[in-house]
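The lines below spell out each chain.
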Number of protein chains: 2
Amino acid sequence: MKDFRLYAITGEQFHPGRDMITVMEEAILGGVDMIQLRDKKSAKREVLQKAVALRELTRKHNVTFIVNDHIDVALAVEADGIHLGQDDLPLLIARKIVGDMMIIGISTHSIEEARLAEQEGADYIGVGPVFATKSKEDVVSPVSTSYVREVAREIRIPFVAIGGIKLHNVDQVLEAGASRICAISEIVGSRDVRGTCESFVGKIERATKAGTL
Amino acid sequence: MKDFRLYAITGEQFHPGRDMITVMEEAILGGVDMIQLRDKKSAKREVLQKAVALRELTRKHNVTFIVNDHIDVALAVEADGIHLGQDDLPLLIARKIVGDMMIIGISTHSIEEARLAEQEGADYIGVGPVFATKSKEDVVSPVSTSYVREVAREIRIPFVAIGGIKLHNVDQVLEAGASRICAISEIVGSRDVRGTCESFVGKIERATKAGTL
């Protein structure tokens, strides 16, 4: 898979009155290079409509497009991949359905889940929630930056830190070894989506350079 | 597709304290020859577990097994088909994903929807809700037996009447031209699931014989 630095997940509840595609395009212009459509509530046909629009947007900007949970929608719009939580379809079953060409990302909340995802062939894992978050309704307790350190030490596939990450606390996460950051509300709920993303990218770049010196 | 007469849809809320597989096996022993797993609320992994159990049960009894909405789950357990409502993925998109071997059933609430489903290659359609029902939360107004008559006159693919059909009113539906009946609460909520199904089948057989005389 193409590597990424800043991963934005849709969250329409954080930008009432603003169109999702407009918000996501601002995020892309600010440096987001991977986008996930996450909608566990709408009817499938509505999810499909959103996916069609995001597929068009991400193609235009050459950004990776991932669909959360809905494998059928991902197949229908030829998304680049799917993202699965621990309550979604298991990785091995999903892999049989989507084949080897599609990216599969897995949410993990412990080093055991991370190891299993790596063994089973995940293309990347989510690592979190690092901090407390209200973006998801059913999340587990925050895992703190110590889980990020554990994964950075041991896991060889790409991982992205997620969960309550804001501009004011992202430095701790980067310092713990993350080089890819995922955010929902801090990005799409920002008054200046593009500027917020630019600030995230700046921090990621500085941390990554510092790490390689 | 293999033809069918009595189609039961799961509805666990109608049999609290009783196991779904037990209830569905009683229904099969009473004459149900097609079963649909309908679960729009549970996490996908839980839906998968139910689908695995129902796939095993229906294989054992050589009964057709359909999954509502979740195309990924249907593919994962090799269900015989999927059933799509008007808010689920459109038929033509679903067909691309599942191919020609899988049955696709479509819920229709008007003759226009029935014609479109037939044109687009549905294997069967649902026709209803004939009567008022509380089994679904988002149903449209009852279409009455006049819609059943319309479909019986015009549509050439198999159709199954659905929605509020009970032993006490099924004769009207059969009289209107239906030869396949679908029920949820009347079957799975019955104190005598097997006996209820046997009564349905008896009524369907008598009506079908009368119709061919």
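This write-up is about the structure you can find in this document. (Residues numbered from 1 in each chain as written. Chains lettered and ligands numbered in written order. Predicted model: local features only at pLDDT ≥ 70, side-chain atom pairs only at ≥ 80, totals over all residues.)

## A closer look at the overall build of chain A
- Helices and strands together make up the secondary structure of chain A, namely nine helices and eight strands.
- What you see for chain A is a C-alpha radius of gyration of 16 Å, in line with the 17 Å of a compact globule of 213 residues.
- Its C-alpha atoms give chain A principal-axis dimensions of roughly 45 × 40 × 30 Å.
- Every one of the 213 residues in chain A was classed for burial, and the buried ones make up 48%.
- A fraction of 60% describes how many contacts in chain A between residues 6 or more apart in sequence connect residues 24 or more apart. (Helix = DSSP H or I, 4+ residues; strand = E, 2+ residues; numbered from the N terminus. Rg over C-alpha atoms; globule rule 2.2 N^0.38 Å. Buried ≥ 20, exposed ≤ 12 C-beta atoms within 10 Å, placed from the backbone. Contact = placed C-beta atoms within 7 Å.)

## A short note on helix 1 (residues 20-29) of chain A
- All buried positions along helix 1 of chain A are accounted for by Val23, Met24, Glu26, Ala27 and Ile28 of chain A.
- Gly31 of chain A sits one or two positions beyond helix 1 of chain A and adopts a positive phi of about 125°.

## Concerning the interface of chain A and chain B
- Taken residue by residue, the interface counts 15 residues in chain A and 15 residues in chain B.
- Only helix 2 (44-61), helix 3 (71-77) and helix 4 (91-98) of chain A provide two or more residues apiece to the side of chain A that touches chain B.
- At four residues, the largest contribution of residues to the side of chain A that touches chain B is made by helix 3 of chain A.
- Among the residues forming the side of chain A that touches chain B, the class breakdown is nine nonpolar, no polar and six charged. (Nonpolar A, V, L, I, M, F, W, Y, C, P; charged D, E, K, R; others polar.)

## Topic: the pairing of strand 5 (residues 103-108) of chain B
Residues and elements named next belong to chain B.
- Counting buried positions along strand 5 gives six out of six residues, so the element sits mostly inside the fold.
- In terms of strand pairing, strand 4 (residues 81-84) meets strand 5 through four bridges, oriented parallel. Bridge pairing links Gly81 to Ile103 in strand 5.
- In this fold, the crossover linking strand 4 to strand 5 by way of helix 4 (residues 91-98) has right-handed handedness.
- For strand 5 and strand 6 (residues 124-127), the ladder comprises four bridges, and the chain directions are parallel. Paired with Ile106 across the bridge in strand 6 is Ile125.
- After leaving strand 5, the chain enters helix 5 (residues 111-119) and then returns to the sheet as strand 6, a path that is right-handed. (Pairing = 2+ DSSP bridges. Right-handed = clockwise from strand over helix to strand, strands pointing away.)

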